[in-house]
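# Structure at a glance
Chain residues, written in single-letter form:
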Amino acid sequence: MKSTTQNIQNIRDIPKAELHMHIEGSLEPELIFTLAMRNNVTLPYASVEALRAAYAFTNLQSFLDIYYAGASVLLKEQDFYDMAMAYLERAHFDNVIHTEMFFDPQTHTERGVAIDVVINGLHRACVDAKQKWGINAVLILCFLRHLSEESAIETLQAALPYRDKFIGVGLDSSEVGHPPEKFARVFAMSKAAGLRLVAHAGEEGPPAYIWQALDVLGVERIDHGVRCLEDEKLVARLAKDRIPLTVCPLSNLKLRVTPDLRQHPLKKMLDAGLCATINSDDPAYFGGYMNTNWEATFAALNLTATDAVTLARNSFEAAFVDEVTRAGYLARLATCYD
Ligand code: HPA
Ligand code: ZN
């Protein structure tokens with residue numbers, strides 16, 4: 001690898017883990033229309049172009065409204081399978097060798113789709129993608145924080161018969177007004193079931209939500225977490241405990257968490273010694289998959305080859321894998337900078 005990593009080939013050469021992406025956010029407009037036709041679902045958009053034109057977001061909620069509308073075409077197990085396979089092929093193309101995919105069961109069960117349809121379709125894609133492309137893909141079930149904790153508990157209980165098909169739980173959807181502490185009991189129950197714990201915090205919400213995610217929910221990683229920089233003590237805590245932060249630069253740009261990528265906090269996070277990673281969040285909606293996020297961020301922040309290795313290493317350090325698998329990933333990374 002050369003001393004600067006600003007061109008496409010180099011980014012693609014680097015094996016990496018993606019730890020923050022919502023599989024429903026990988027639904028491209030073309031696939032939304034294909035599934036709508038297949039399932040006789042009427043969309044409030046006349047064409048792929050009209051749908052894409054609606055992707056002009058001003059904040060998280062303006063995105064979520066369209067994201068939930070897009071997910072309404074998912075009805076059958078094959079739909080979930082097709083969506084996940086499309087993402088996994090794309091991730092493999094970007095040299096993502098390990099991915100942890102979020103899914104939102106309540107978005108589907110609220111429309112009458114059974115949870116086994118969701119989990120079995122996504123899990124079958126994980127198995128087939130491993131066989132086809134060698135990519136390791138696992139699932140993390142997210143609770144929608146705009147709904148009640150009772151609904152989250154019901155969702156966990158409905159999912160537990162399929163416990164072997166997902167590795168952890170997370171917390172997503174509208175952040176402000178729905179602090180992590182609202183979900184203390186369901187996270188305790190998830191931990192008791194041996195699940196790994198993550199939560200979105202500090203995307204639009206204040207640093208206090210990151211503290212709560214750590215100290216009330218006991219999460220092992222923070223999703224986004226970019227607002228941690230507003231609180232020095234919090235940065236020290238995140239650095240000391242090596243709590244990974246799964247940062248999503250193009251998402252932050254599109255949802256106006258940052259006004260300009262050149263002002264994106266990722267570089268400051270790395271300089272503060274934080275275990276930050278780059279991820280795509282909702283690639284079909286925010287203008288790009290993994291490598292597009294890397295390339296745009298490297299160009300905007302003048303990141304170097306050293307930063308690239310740090311970011312890839314952080315992604316493997318933060319992955320929910322056993323130590324033998326982690327050592328294997330790090331060895332694969334080492335072959336590209338020796
Ligand atoms: N934030 C919160 N919830 C989400 C997101 C996000 O970026 N994407 C999908 N659900
Ligand atoms: Zn997210």
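How each quantity is defined
Residues numbered from 1 in each chain as written. Chains lettered and ligands numbered in written order. Predicted model: local features only at pLDDT ≥ 70, side-chain atom pairs only at ≥ 80, totals over all residues. Heavy atoms only, no water. Donors = N, O, S within 2.8 Å, 3.2 Å for Na, K, Ca; no water. Tetrahedral: all angles 85-135°; square planar, octahedral: opposite > 155°, others 65-115°. Helix = DSSP H or I, 4+ residues; strand = E, 2+ residues; numbered from the N terminus. Buried < 20%, exposed > 50% of the residue type's maximum accessible area, 1.4 Å probe, protein only. Near = heavy atom within 4 Å. Polar contact = N/O pair within 3.5 Å; in protein donor to acceptor, adjacent residues only side chain to side chain. Nonpolar A, V, L, I, M, F, W, Y, C, P; charged D, E, K, R; others polar. Core = buried A, V, L, I, M, F, W, Y, C linked by side-chain atoms within 4.5 Å. Contact = heavy atoms within 4.5 Å. Expected span 1.5 Å × (residues − 1). Arc of directions from axis to C-beta. Pairing = 2+ DSSP bridges. Axes fitted to C-alpha atoms, helices over the stretch in contact; angles between N-to-C directions.

Binding of the zinc ion (ligand 2) to the protein goes through His20 (NE2), His22 (NE2), His200 (NE2) and Asp281 (OD), at separations of 2.0 to 2.2 Å. One can describe the donor arrangement at the zinc ion (ligand 2) as irregular, given that its four donor atoms subtend angles of 82 to 175° at the metal. Going along the chain, you hit the donors of the zinc ion (ligand 2) in the pattern H-x1-H-x177-H-x80-D. On the criterion of sequence distance, the pair formed by His20 in strand S1 (residues 16-22) and His200 in strand S5 (residues 196-201) is long-range, its members being 180 residues apart. Exposure remark for His20: the relative accessible area of 0% places this residue in the buried category. The class for His200 is buried, based on a relative accessible area of 5%.

Further remarks concern the site of ligand 1. Neighbouring ligand 1 are His22, Leu60, Phe63, Leu64, Tyr67, Asp172, Ser173, His200, Glu203, His224, Asp281 and Asp282. Between ligand 1 and His224 there is a distance of 3.4 Å, counted from an oxygen atom to a side-chain nitrogen or oxygen. Side-chain polar atom of Asp281 to an oxygen atom of ligand 1: 2.7 Å apart, as the coordinates give it. Considering every element that reaches the shell around ligand 1, the biggest residue donor is helix H4 (residues 60-70), with four residues. When the residues that make up the shell around ligand 1 are grouped by side-chain class, the tally is four nonpolar, four polar and four charged.

Counting 110 residues, the largest nonpolar core has Phe187, Ile222, Leu238, Tyr285 and Trp294 as the members making the most contacts within it. Apart from residues lying up to four places away in sequence, Tyr285 is in contact with Glu24, Gly25, Leu27, Ile32, Tyr55, Phe57, Phe63, Ile66, Tyr67 and Gly70. Formed by five residues, the second largest nonpolar core is a distinct cluster that contains Phe102, Ile140, Cys142 and Phe320.

An α-helical segment advances 3.6 residues per turn. Residues three or four places apart therefore align on the same side. Taking 1.5 Å of rise per residue, the 12 residues of helix H15 (residues 290-301) would be expected to cover 16 Å, and the 17 Å separating its terminal C-alpha atoms lies within 8% of that figure. For H15, the set of buried residues is Met290, Asn291, Asn293, Trp294, Thr297, Phe298 and Leu301. All buried residues of H15 fall inside an arc of 155° around its axis, so they share one side.

This part covers the sheet that holds S1. Read from one edge of the open sheet, eight strands run S1-S2-S3-S4-S5-S6-S7-S8, paired in parallel fashion. Lying at the two open borders of the sheet, with one neighbouring strand each, are S1 and strand S8 (276-278). With direction set aside, neighbouring strand axes in the sheet form an average angle of 25°. As judged from the two bridges shared by strand S6 (residues 221-224) and strand S7 (residues 245-247), these two strands associate in the parallel manner. In the sheet register, Asp223 faces S7, and the bridge partner there is Thr246. Packed onto the sheet, helix H7 (residues 115-133) meets strand S2 (96-103) and strand S3 (136-144) and runs at close to 160° relative to S3.

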